[in-house]
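In case you want the letters, here they are:
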Amino acid sequence: RLSLSFQQRCGFRRAAKKAELKAPPPPWVPRDPPGPPRSFGRLLKPLLFTVGFTGCSFGSAAIWQYESLKSRVQSYFDEVRADWLEKLRPQKQGDFRKEINQWWNSLSEGQRTVSGIIVANALVFCCWRVPSLQRSMVKYFTSNPASKTLCLPMLLSTFSHFSFFHMAANMYVLWSFSSSIVSMLGREQFMAVYLSAGVISTFVSYVCKTATGRLGPSLGASGAIMSVLAAVCTKMPEAKLAIIFLPMYTFTAGNALKAIVAMDTAGLVLGWKFFDHAAHLGGALFGIWYVLFGHELIWKNREPFVKVWHDLRTRRPGGGGNGGGSM
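Computed from a predicted model, the values in this text were never measured in an experiment.

K.L.:
Go over the UniProt feature "transmembrane region" (unreviewed entry) in the protein, please, and point to the residues and values.
P.N.:
The UniProt feature table records "transmembrane region" (unreviewed entry) at residues 47-66, 113-130, 150-169, 189-208, 241-262 and 274-293. Split by type, residues 189-208 is 100% helix and 0% strand. Its first and last C-alpha atoms lie 28 Å apart. The distance separating the terminal C-alpha atoms of residues 274-293 is 32 Å; by composition the span is 85% helix and 0% strand.

Structure follows, in structure tokens:
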């Protein structure tokens, strides 16, 4: 997760200098206002948004899982019939659509799950290249505790990258850990953890920026990805990892997590401005907490909520009658 001051050096427009006069920056470039924005009272709405969004994410994931399980039972026989009909049809050679389907089916469930996230990040990256959208992108797709818009950017900034290398590095890490994390949590729970981690890591960044007075915008998926990495490394600390450019050197996942946390802690204490170290730490700590405690406290206690949803769903017209269709 990068600071936008670095991104401005990579391509944002700057006002031209004149003799002994400094022209004001464009109105859409964020500036750090003095005094009031540093008040912790401004963080009340982001706190409520973080709690509410996290609850809605896990509630939606529980409903999604319930609906998926129910639809699989219904679609099982349809798939059997479709496979039988497919065998009767003449096979087409060189069918592009068939090749795409074969490639898609060859992916793991985790890779298919994160494909949508990668596409969303790519679309937002393309929007950064449109000059007429710059003002809106800075307002809604960068998180800044000094901004007038505080809550929505906490989520949208986790899909936002101004630098192609920044996006490519984040998406590669997400793709690499996708199979492990989805196998461990399931796609529904993974999406809840990923989206919640993005908002939680941004809130931690808000708190640290407000406390230190180092106000400024940030963007990137690193906070959410750090949560995924930390969850996998905590669950499987003895797993062997390697750096893409140095595959001959391997290390355990537990040691990798310790090194990353130590580096981000040093960056936060020493005030390094290249990365948003507070967001990284927030995401990592949430991932560790969720594997150790959160799964038991949140996901395994979803049954009463799912039961309420089941009762509401089956009582609707065409929903299966009064209490019918129980699974």
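K.L.:
Requested: an account of helix 10 (residues 253-270), with residues and values cited.
P.N.:
Its 18 residues place the ends of helix 10 26 Å apart at the C-alpha level, agreeing with the 26 Å of an ideal helix rising 1.5 Å per residue. The complete set of buried residues in helix 10 reads A253, G254, A256, L257, D264 and G267. All buried residues of helix 10 project into a common sector of 160° when viewed along the axis, lining one side. Away from the buried face of helix 10 by more than 90 degrees, exposed residues K258, V269 and L270 are located. Just past helix 10, the residue G271 takes up positive phi, approximately 80°.

K.L.:
Hey, could you go over helix 9 (residues 222-235) for me, with residue numbers and the actual values?
P.N.:
Taking 1.5 Å as the rise per residue, helix 9 with 14 residues should run 20 Å; its terminal C-alpha atoms sit 20 Å apart, in good agreement. Among the 14 residues that make up helix 9, twelve are buried, leaving the element largely enclosed by the rest of the structure. For helix 9, every residue scored as buried is listed here: S222, G223, A224, I225, M226, S227, V228, L229, A230, A231, V232 and C233. Structurally, helix 9 contributes buried residues whose contacts are with helix 7 (164-185), helix 8 (187-212), strand 5 (240-243), helix 10 and helix 11 (277-297).

K.L.:
I'd love a proper account of the pattern of salt bridges, names of residues and values included.
P.N.:
In the structure shown here, the tally under the stated rule is five salt bridges. For the salt bridge of R313 with E67, the shortest nitrogen-to-oxygen distance reads 2.7 Å. One end of the pair, R313, is in helix 12 (residues 303-315); the other, E67, is in helix 2 (residues 44-88), and 246 residues separate them in sequence. Using a relative accessible area of 22% as the deciding quantity, one classes E67 as partly exposed. Among the ionic pairs, E188 bridges to R187, the shortest N-O distance being 3.3 Å. Residue E188 is classed as buried on the basis of its relative accessible area, which comes to 6%. We classify R187 as partly exposed; its relative accessible area is 25%.

K.L.:
Give me the lowdown on the confidence of the model for the protein, citing residues and values where you can.
P.N.:
The share of residues in the protein with pLDDT of 70 or more is 78%, and the mean pLDDT across the chain is 82. Looking over the protein, one finds the lowest element-wise mean pLDDT in strand 2 (residues 17-18), namely 40, and the highest in helix 6 (residues 152-156), namely 95. With pLDDT under 50 throughout, residues 6-23 is counted as low confidence; its partners more than four residues away or in other chains account for 23 contacts. For the stretch residues 26-30, pLDDT sits under 50, and the model shows twelve contacts to residues farther than four places along the chain or on other chains.

What counts and what doesn't
- Residues numbered from 1 in each chain as written.
- Predicted model: local features only at pLDDT ≥ 70, side-chain atom pairs only at ≥ 80, totals over all residues.
- Heavy atoms only, no water.
- UniProt positions renumbered as here; feature names shortened; annotations may be inferred.
- Helix = DSSP H or I, 4+ residues; strand = E, 2+ residues; numbered from the N terminus.
- Expected span 1.5 Å × (residues − 1).
- Buried < 20%, exposed > 50% of the residue type's maximum accessible area, 1.4 Å probe, protein only.
- Arc of directions from axis to C-beta.
- Contact = heavy atoms within 4.5 Å.
- Salt bridge = Lys/Arg side-chain N within 4 Å of Asp/Glu carboxyl O.
- pLDDT = per-residue confidence, 0-100.

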